[in-house]
Amino acid sequence: MSFVIAPPATPSVPVQGGAAGAQFPVHRIYCVGRNYVEHAIEMGHSGREAPFFFMKPADAVLPIAEGTVGQMHYPSQTASLHHETELVVAIGKGGRNIAAADAMGHVWGYAVGLDMTRRDLQNDAKKLGRPWDIAKGFDESAPIGPLRRAEDCAIDAGSKITLTVNGAPRQGSTLGKLIWSVAEIIEHISKAWELAPGDLIFSGTPEGVAAVVVGDTLAASIDGVGTLEVKMVALPS
Ligand code: MN
């Protein structure tokens, strides 16, 4: 096949543990809104609503090798860039109308991710009834640690999900506080879209979201999954 311009590179995330050295190709990035009660409340909601979804472009991933400090460029047009620490679910087997009881068989693995958000632009979009893309789907808006195969991850309801900024605790919860479980999220998303191998799902953030500035170092961790460290640097002009 010939292309009229060079085809873009396939965005991908490195793998650790079993299959280490290989890359996981990214197809789509789905994100779940308000999936921890305390975060829904801090954003002014009850925490009792049905799940809803938004997307980031696949090439918004910013893969960061474990044990290294990555760099994220502070994006333009915001004065309130917020961190949202999330369990990322990687889909290995696609499908439509996947029942929650069958959903875990579609999961390839997990990673720690950050759903970085231009909160000021998101608040404007909410007020004006406009789309969230500029607030959620900008370049490098999805820093992510390496993926580990599901069988290599020891996660349960008690697994801690945490974030520190410059060493100070900002976010802390457990995966058991997810309102909609990973299996239920897969059931809901696959009713609306056909899930495909390579899809990533950012499963929502616990409470404690707040702004970062250039120079800050964010360190995210999920017990049994991995860690992610990223420093905010200025966007070159
Ligand atoms: Mn989020």
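The model shown is predicted, which means the values in this text are computed figures rather than measured ones. (Residues numbered from 1 in each chain as written. Predicted model: local features only at pLDDT ≥ 70, side-chain atom pairs only at ≥ 80, totals over all residues. Heavy atoms only, no water.)

1. So, the pairing of strand β1 (residues 12–16)
Across three bridges, β1 lies against strand β2 (residues 23–25) in antiparallel orientation. What sits directly across from Val13, in β2, is Phe24. Strand direction decides the pairing type here: β1 and strand β12 (residues 147–149), joined by two bridges, are parallel. Paired with Val15 across the two strands is Leu147, which belongs to β12. (Pairing = 2+ DSSP bridges. Helix = DSSP H or I, 4+ residues; strand = E, 2+ residues; numbered from the N terminus.)

2. Description of the sheet that holds strand β16 (residues 211–212)
The strand order β10-β7-β16 describes an open sheet built from three strands, whose pairing is antiparallel. On the outer flanks of this sheet lie β10 (117–118) and β16, each paired with one strand and no other.

3. What about unusual backbone geometry?
Keep in mind that most residues, glycine aside, have a negative phi and that most peptide bonds are trans. A positive phi angle is found at Gln77, which is not glycine, with a value near 65°. In this structure, Gln77 sits in the loop between β6 (70–73) and β7 (81–82). A relative accessible area of 58% places Gln77 in the exposed class. In the Ramachandran plot, Asn97 falls in the positive-phi region, its phi being about 50° despite a non-glycine side chain. You can call Asn97 exposed: its relative accessible area is 57%. (Buried < 20%, exposed > 50% of the residue type's maximum accessible area, 1.4 Å probe, protein only.)

4. Side note on the coordination of the manganese ion
For the manganese ion, the full set of protein donor atoms is Glu84 (OE), Glu86 (OE) and Asp115 (OD), at a range of 2.1 Å. In the primary sequence, the donor residues of the manganese ion line up as E-x1-E-x28-D. With respect to class, Glu84 is no different from Glu86; both count as buried. (Donors = N, O, S within 2.8 Å, 3.2 Å for Na, K, Ca; no water.)

5. With respect to the packing of aromatic side chains
Under the definition given, this model contains five aromatic pairs. Relative to Trp108, the ring of Phe24 lies with its centre 5.6 Å away and its plane at 45°, an arrangement referred to as tilted. One end of the pair, Phe24, is in strand β2; the other, Trp108, is in strand β9 (residues 107–114), with 84 residues separating them in the sequence. Aromatic ring contacts, followed pair by pair, group Tyr30, Phe53 and Trp193 into a single cluster. (Phe/Tyr/Trp six-rings, centres within 6.5 Å; stacked < 30°, edge-to-face > 60°.)

6. A few points about the sheet that holds strand β17 (residues 217–222)
Reading across from one edge, β6-β18-β17-β13-β14 is the order of the five strands in this open sheet, with mixed pairing throughout. Strands with a single pairing partner mark the edges of an open sheet, and in this sheet they are β6 and β14 (168–174). On average, each strand axis in the sheet is inclined to that of its neighbour by 20°, with strand direction left out of account. Inspection of the sheet shows strand β13 (residues 160–165) paired to β14 by six bridges, in the antiparallel sense. In the strand pairing of β14, Lys160 is matched with Thr174. (Axes fitted to C-alpha atoms, helices over the stretch in contact; angles between N-to-C directions.)

7. Some details on helix α3 (residues 119–128)
Buried within α3 we find Arg119, Leu121, Gln122 and Ala125. Axial view of α3: buried residues confined to an arc of 160°, hence all on one face. More than 90 degrees from the buried face of α3, the exposed residues found are Lys127 and Leu128. Tucked inside the fold, the buried residues of α3 contact α1 (37–42), β7, β10 and α4 (133–136). After α3 finishes, the residue Gly129 shows a positive phi value of roughly 70°. (Arc of directions from axis to C-beta. Contact = heavy atoms within 4.5 Å.)

8. A short note on the nonpolar core
Met116, Ile186, Ile201 and Leu218 are the most contacted members of the largest nonpolar core, which has 40 residues in total. Going through the elements one at a time, β3 (29–32), β8 (85–91), β9, β13, α5 (182–192), β17 and β18 (226–233) are the ones with two or more residues in this core. With five residues, α5 is the single largest residue contributor to this core. Leaving out residues up to four positions away in the same chain, Leu218 has contacts with His83, Leu114, Met116, Leu163, Thr164, Val165, Val212, Leu228, Glu229, Val230 and Met232. (Core = buried A, V, L, I, M, F, W, Y, C linked by side-chain atoms within 4.5 Å.)

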